[in-house]
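Understanding the architecture of this molecule
Here's the letter readout for the chains.
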Amino acid sequence: MSPGTISRRLGLAVLAGVCVVVSGAGALAEEHPAHWSYSGATGPEHWGEEDPSFALCGAGKHQSPIDIEKADTEALPPIQFMYQPVPLVVTDTGHSFQVNVPAGSGGIMVAGERYDLVQFHFHHPSEEQIHGHPTAMVAHLVHKNAAGELAVVAVLIKQGSPNAFLKPVFDHFPAKGTPESSLAGTTVNLTEFLPAQHGYYSFDGSLTTPPCSEHVRWFVLKSPVQASAAQVQQFAARYPHDARPVQPLNDRTVVQTSD
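Before going into details, it helps to say that this report is about the structure given with it. Just so we're clear, the structure is a prediction, and the values are computed from it rather than from any experiment.

**Quick notes on the pairing of strand E6 (residues 106-110)**
Burial within E6 is extensive, with 4 of its 5 residues counted as buried. For strand E3 (residues 79-83) and E6, the ladder comprises 5 bridges, and the chain directions are antiparallel. Looking across to E6, one finds that Met82 is bridged to Gly107. Bridge count for E6 against strand E7 (residues 113-123) is 4 bridges, and the pairing is antiparallel. Residue pairing in the sheet places Ile108 in a bridge with Tyr115 of E7. Linking two consecutive strands that pair antiparallel, namely E6 and E7, is a turn of 2 residues; a positive phi of about 50 degrees is found at Ala111 within it.

The structure is reproduced here in structure tokens:
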């Protein structure tokens, strides 16, 4: 399939109003005064009612996350990862822990299209599911191209061995009530976090938090990485559940690489 066909099938589009990096949303959006959460009266089933700008959370047809039950295997282009070391500054967004990265920190290239890395953050459990099963956590690596179009790489995290990349990040979560924690002179490189195999599922989706804007290009890596039970608990101690329920696939087709 040609790069042009891939772009059409994945529904790339410019997201209007994208301005700053925010909470574990799976993408970029402007922080909005309307309150939302992951449970109760302001939980996911009510997001579309919280504010007019959140309407797609309830009415959108290409929403994320999804349960990947089946996918068409096609000759998709590989993802070229070009990450650089970034300063370790961890932000508590009120919905997740997130690492914002400075400009020039590398990114990805897919079918000749470059997307620069903007931030990465975590969800517990994973928002994406494979055949109805979530993993212990997921990391969302958020990228943006020159036109403002977004691409998110999802790295599933299963419970197992300790993860060396996650250790400095998780060991330096901001103290409760503190918005940010930095470790002078320490950098991290996402290249060290990626699984050895880069096969992926891809689909046209949305932000996974309000305003749930659509036309976000998603790449869910097939191979998970591991984190220890203690590391998962480090995150869960502050955010025991920050995952939006899976959304209907509707008319979308999920495609996958052969590997």
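**Considerations on the packing of aromatic side chains**
As enumerated under the stated definition, the model contains 18 aromatic pairs in all. Ring geometry for Phe120 versus Phe165: centroids 6.1 Å apart, planes at 45 degrees, classification tilted. Within this pair, whereas Phe120 is found in strand E7, its partner Phe165 is found in the loop between strand E10 (150-159) and helix H4 (166-171), the two being separated by 45 residues in sequence. The class for Phe120 is buried, based on a relative accessible area of 0%. Under the relative-accessibility criterion, Phe165 is labelled buried at 6%. Where Phe122 meets Phe235, the ring centres are 6.3 Å apart and the plane angle is 65 degrees; that geometry is what we call edge-to-face. Pair noted here: Phe122 is in strand E7 and Phe235 is in helix H5 (residues 229-236), with a separation of 113 residues, a long-range link. Look at Phe122 and you get buried, because its relative accessible area is 1%.

**Quick look at the state of the cysteines**
Going through the model one piece at a time under the given rule, you end up with 1 disulfide. A sulfur-sulfur distance of 2.1 Å marks the disulfide that ties Cys57 to Cys212. Around the S-S axis, the bridge from Cys57 to Cys212 shows a dihedral of about 95 degrees and counts as right-handed. Taken together, the residues span a long stretch of sequence, with Cys57 in helix H3 (residues 56-59) and Cys212 in the loop between strand E12 (200-206) and strand E13 (214-221) at a distance of 155 residues.

**Topic: unusual backbone geometry**
Of note, the amide linkage connecting Ser64 to Pro65 takes the cis form, showing an omega dihedral of 5 degrees. You can see Pro65 is positioned in the loop between H3 and strand E1 (67-68). The omega torsion of the bond from Pro210 to Pro211 falls at 10 degrees, within 30 degrees of zero and hence cis. Despite not being glycine, Ala111 shows a phi value in the positive range, around 50 degrees. Tracing the chain through its elements places Ala111 in the loop between E6 and E7. Even without a glycine there, the phi angle at Cys212 is positive, about 60 degrees.

**Some remarks on the nonpolar core**
Membership of the largest hydrophobic core comes to 42 residues, with the highest contact counts inside it found for Ile108, Phe122, Leu141, Val155, Ile157, Val169 and Phe193. Excluding residues within four positions of it along the chain, Leu141 makes contact with Tyr83, Gln119, Phe120, Ala151, Val152, Val153, Val155, Leu190 and Leu194.

**Digging into the pattern of salt bridges**
Scanning the entire structure with this criterion turns up 3 salt bridges. Taking the shortest distance from any N to any O, the salt bridge between Arg238 and Asp92 comes out at 2.6 Å. Of this pair, Arg238 sits in the loop between H5 and strand E15 (255-256) while Asp92 sits in strand E4 (residues 86-92), and the two are 146 residues apart along the sequence. For Arg238, a relative accessible area of 24% puts it in the partly exposed group. Of the residues examined, Asp92 reaches a relative accessible area of 16% and is grouped as buried. Across the salt bridge formed by Lys167 and Asp171, the nearest N and O atoms sit 2.8 Å from each other. Here the residue Lys167 and the residue Asp171 both occupy positions in helix H4, the gap between them amounting to 4 residues, near one helical turn. Of the residues examined, Lys167 reaches a relative accessible area of 49% and is grouped as partly exposed. Judged by its relative accessible area of 37%, Asp171 is partly exposed.

Conventions we followed
- Residues numbered from 1 in each chain as written.
- Predicted model: local features only at pLDDT ≥ 70, side-chain atom pairs only at ≥ 80, totals over all residues.
- Heavy atoms only, no water.
- Buried < 20%, exposed > 50% of the residue type's maximum accessible area, 1.4 Å probe, protein only.
- Helix = DSSP H or I, 4+ residues; strand = E, 2+ residues; numbered from the N terminus.
- Pairing = 2+ DSSP bridges.
- Phe/Tyr/Trp six-rings, centres within 6.5 Å; stacked < 30°, edge-to-face > 60°.
- Disulfide = S-S within 2.5 Å.
- Core = buried A, V, L, I, M, F, W, Y, C linked by side-chain atoms within 4.5 Å.
- Contact = heavy atoms within 4.5 Å.
- Salt bridge = Lys/Arg side-chain N within 4 Å of Asp/Glu carboxyl O.

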